[in-house]
Amino acid sequence: MSLNIKDFDVFHFEKIDSTNAIAKRFVESGRDKNTIIIADEQTSGKTTKSTPWTSPKGNLYLTLMIKLNDGDEKFLPQLSFISAISLVEAIQEVIKNKDIDIKIKWPNDLLLNGKKLSGILIERDEDFAIIGIGVNTESSPDTSLTRYPATSLKQEKFVVNKDELAMELCKKIIENINDCKQNSFSKIIEKIKPFMFRLNSEISISVCGKNMIGIFSGIAENGGLILQIDGNKKTLLSGELTKENF
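Report on the accompanying structure. This is a predicted model, so every value here is computed, not measured.

Another point: unusual backbone geometry. Pro-107 follows Trp-106 through a cis peptide bond whose omega is 0°. Positionally, Pro-107 belongs in the loop between strand S5 (102–105) and strand S6 (109–112). Phi at Asn-113 takes a positive value of approximately 55°, unusual for a residue other than glycine. Mapped onto the elements, Asn-113 comes out in the loop between S6 and strand S7 (115–125). In the Ramachandran plot, Glu-126 falls in the positive-phi region, its phi being about 55° despite a non-glycine side chain. Tracing the backbone through its elements, the reader meets Glu-126 in the loop between S7 and strand S8 (128–135).

Structure representation (structure tokens):
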């Protein structure tokens with residue numbers, strides 16, 4: 001069944017611990033509707049490493065709670081890529097510029113001019129996919145506190161209305177999920193390729209504490225990264241690009 005943004009309830013909070021945490025509490029309380037959660041400020045934003053992160057006012061913090069129907073589980077590994085390309089499209093639409101230097105860094109970050117702009121956290125709670133996205137629209141973390149350089153849209157001279165960006169992002173995610181369900185992930189892959197960071201280049205990836213070096217040769221149908229090592233292809237569903245890639 002196709003998703004429709006008109007069927008989503010929207011909750012907008014001034015200050016909460018995190019939008020993903022609110023989504024999980026909604027699920028635990030028995031809420032059974034597709035939901036969009038937006039916050040102006042987070043006191044304990046989450047990263048993929050479950051590290052609490054203070055998220056200052058001015059940036060965009062958003063979570064989509066999407067009810068999973070029969071057979072939808074197979075789309076879960078693809079949601080990071082779907083969310084990332086949706087954010088690329090939403091930013092391009094809102095700033096009216098398709099030529100900005102924006103890249104998708106596997107598995108869950110967006111880079112603008114080579115610096116981190118956004119992070120994506122996909123979780124599952126019972127029958128819901130929880131898609132959490134933070135976008136530095138106004139400010140970015142102090143680089144002394146981050147592993148990689150970071151930036152914001154404002155720092156790169158792009159001024160946006162974050163509420164407009166939030167709604168455009170939700171629409172794009174819903175459109176791309178529907179497209180994936182009705183057709184296949186192959187079409188999404190073709191949209192993603194021009195924006196993939198270091199595609200067809202040698203990369204270094206840390207997987208469970210082990211460093212792997214190979215050619216990033218493509219994206220698999222299951223949403224994994226295809227790494228070619230000494231002529232052999234390996235599909236990775238998790239890992240982290242190391243600092244050597246920058």
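The structure having been displayed, the exposition proceeds.
With that settled, consider the pairing of strand S2 (residues 35–45). Taken across its 11 residues, S2 has eight buried, putting it largely inside the fold. Summarising the sheet, strand S1 (residues 9–16) and S2 pair through seven bridges and their orientation is parallel. Residue pairing across strands places Ile-16 opposite Gln-42, the latter belonging to S2. The handedness of the S1 to S2 crossover, carried by helix H1 (residues 19–28), is right-handed. Direction of pairing for S2 relative to strand S4 (residues 60–67): antiparallel, over a ladder of five bridges. Of the residues in S4, the one forming a bridge with Ile-38 is Leu-62.

All told, the structure shown has two aromatic pairs when counted by the stated rule. Relative to Phe-13, the ring of Phe-11 has its centre 6.5 Å away and its plane inclined at 10°; by these criteria the two rings are stacked. Here Phe-11 and Phe-26 contribute two aromatic rings whose centre-to-centre distance is 5.0 Å and whose plane-to-plane angle is 50°, an arrangement assigned as tilted. Of this pair, Phe-11 sits in strand S1 while Phe-26 sits in helix H1, placing them 15 residues apart in sequence.

What counts, and where the lines are drawn
- Residues numbered from 1 in each chain as written.
- Predicted model: local features only at pLDDT ≥ 70, side-chain atom pairs only at ≥ 80, totals over all residues.
- Heavy atoms only, no water.
- Helix = DSSP H or I, 4+ residues; strand = E, 2+ residues; numbered from the N terminus.
- Buried < 20%, exposed > 50% of the residue type's maximum accessible area, 1.4 Å probe, protein only.
- Pairing = 2+ DSSP bridges.
- Right-handed = clockwise from strand over helix to strand, strands pointing away.
- Phe/Tyr/Trp six-rings, centres within 6.5 Å; stacked < 30°, edge-to-face > 60°.

Without other data, these values stay purely geometric and don't point to any function.
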